[in-house]
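# Structural description and commentary
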Amino acid sequence: VAKNAGGGRWAWFDPAMDRIADQDAKLGADLRQAVARGELRVVYQPIVELPDGGIAGVEALLRWRHPEHGEISPAVFIPLAERNGSIIEVGRWVFEQVVKQAAAWQHEYGDLAPARVSVNVSARQLREPGFVAEVAAVVAAAGVEPSLITAEVTETAVLGTGAALDAVRGLNALGLRVALDDFGTGQSSLSLLVDCPVDVLKVDKSFVDGVTTASPQSVIVESLITITAGLRIQAVAEGVETADQAHRLHQAGYQYAQGFHFARPMSGAELGKLLRPGPVPA
Ligand code: C2E
Ligand code: MG
Ligand code: MG
Ligand code: MG
């Protein structure tokens, strides 16, 4: 039996590793069927306006309830879906659900409906030929304004290939809005803010976490306001968990925030119940 002499090379021969690889393959196969079996659902987390917490928009987040394993985190199954390619089909399903939900809210709530609806788009989707045309068709079929929909992409996804950047430009040309997600954690390149049409910059939770202390994170959070304001990009602070953080972010000039302090992700129907006139209590 080969010894693991450092590095992952000999992992094949480790029975424990083998079980993990098996599980990965099994889960991947399950995910391919999850759409057809009705195991996926989309939840929506408010993006709020500071300081009073009125709903400025929502982010769609995918959920998977596995028949045996229960709820599986997207942090686990999205990377899996990207590896086995099922993200194409899963992502297509998510996008359709989200655009239909956005249209349904408008129909039911009119002016009170969320004015911005964000959906996460992975690198693999961006690189898929025909992706932009597909998006155009789904948006047109639902009869919503393209600018209602924001595509959330990561720096790493856009920097990865020319095809991904072309797709982002295509989405922008259609009239969708583009958000750079988890900003600061990927292969950050400020030139992306020049080369890529960016409407929204989502400042990652790892920076927001440090905003109430004298920290490098808080310096970065404050500096990003100068950059985004100058570039006419909206800044959204992600993962806001405390009133203290919300207060500091508002003081630093942030107009938008998202996080458990304001609201957790919820079903489309639950979100609808929050859509009434006046500011929503935090
Ligand atoms: P993300 O796009 O950055 O989404 C924000 C994540 O932070 C969500 O996790 C949300 O539930 C969580 N979050 C929001 N506020 C707080 C907070 O105050 N504290 C903490 N600790 N977490 C907070 P979630 O839903 O588990 O999703 C994880 C990631 O999976 C997402 O990060 C996104 O990258 C990916 N993902 C989720 N749904 C989709 C999807 O439909 N398509 C694609 N391609 N990726 C998705
Ligand atoms: Mg996101
Ligand atoms: Mg994010
Ligand atoms: Mg994040």
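Just above, that's the structure.
I will try to describe carefully the structure that is included in this document. These figures come from a predicted structure and were not determined experimentally.

## Some points on the coordination of the magnesium ion (ligand 3)
- Within the protein, the atoms that donate to the magnesium ion (ligand 3) are Asp181 (OD), Asp182 (OD), Glu238 (OE) and Glu238 (OE), at distances of 1.9 to 2.7 Å.
- Mapped onto the sequence, the donors of the magnesium ion (ligand 3) take the spacing D-D-x55-E.
- The metal-metal distance between the magnesium ion (ligand 3) and the magnesium ion (ligand 2) is 3.6 Å, with Asp181 serving as a donor to both. Of this pair, Asp181 sits in strand β6 (residues 177-183) while Glu238 sits in the loop between β8 (234-237) and α11 (243-251), placing them 57 residues apart in sequence.

## Observations regarding the pattern of salt bridges
- Inspection of every chain in the model, using the stated rule, returns eleven salt bridges.
- Among the salt bridges present, the one from Arg83 reaches Asp24, with a minimum N-O distance of 3.0 Å. Here Arg83 is found in helix α2 (residues 74-84), whereas its partner Asp24 is found in helix α1 (residues 15-34), with 59 residues between them in sequence.
- Looking at Asp24, the relative accessible area reads 32%, which means it is partly exposed.
- Where Lys205 meets Glu241, a salt bridge forms, and the shortest distance between an N and an O atom there is 3.7 Å. Of this pair, Lys205 sits in helix α9 (residues 205-208) while Glu241 sits in the loop between β8 and α11, placing them 36 residues apart in sequence.
- You can call Glu241 partly exposed: its relative accessible area is 40%.

## Some details on the coordination of the magnesium ion (ligand 2)
- Within the protein, the atoms that donate to the magnesium ion (ligand 2) are Glu59 (OE), Asn120 (OD1), Glu152 (OE) and Asp181 (OD), at distances of 2.0 to 2.2 Å.
- We note that the donor set of the magnesium ion (ligand 2) lies within a single chain, spaced as E-x60-N-x31-E-x28-D.
- Taking relative accessible area as the criterion, Glu59 reaches 4% and is therefore assigned buried.
- For Asp181, a relative accessible area of 6% puts it in the buried group.

## What to know about a nonpolar patch on the surface
- Residues Leu190, Ile227 and Leu231 make up a contiguous nonpolar surface patch of about 250 Å² in total accessible area.
- Of note, Ile227 is situated in helix α10 (residues 216-230).

## Points about the site of ligand 1
- Around ligand 1 sit 20 residues in total, of which Arg63, Asn120, Asp181, Glu241 and Phe260 are the nearest.
- A distance of 2.9 Å separates an oxygen atom of ligand 1 from a polar side-chain atom of Asp182.
- Relative to its unbound accessible area of 800 Å², ligand 1 is 80% covered by the protein chains.
- Secondary-structure elements contributing two or more residues to the shell around ligand 1 are β2 (54-66), α2 and β6.
- Residue composition of the shell around ligand 1, grouped by class: eight nonpolar, five polar and seven charged.

Here is what the cut-offs are and how they apply
- Residues numbered from 1 in each chain as written.
- Chains lettered and ligands numbered in written order.
- Predicted model: local features only at pLDDT ≥ 70, side-chain atom pairs only at ≥ 80, totals over all residues.
- Heavy atoms only, no water.
- Donors = N, O, S within 2.8 Å, 3.2 Å for Na, K, Ca; no water.
- Helix = DSSP H or I, 4+ residues; strand = E, 2+ residues; numbered from the N terminus.
- Salt bridge = Lys/Arg side-chain N within 4 Å of Asp/Glu carboxyl O.
- Buried < 20%, exposed > 50% of the residue type's maximum accessible area, 1.4 Å probe, protein only.
- Patch = residues over 30% accessible without salt bridge, like charges linked within 9 Å, V, L, I, M, F, W, Y side chains within 5 Å.
- Areas by Shrake-Rupley, 256 points an atom, 1.4 Å probe, with all protein chains shown as cover.
- Near = heavy atom within 4 Å.
- Polar contact = N/O pair within 3.5 Å; in protein donor to acceptor, adjacent residues only side chain to side chain.
- Nonpolar A, V, L, I, M, F, W, Y, C, P; charged D, E, K, R; others polar.

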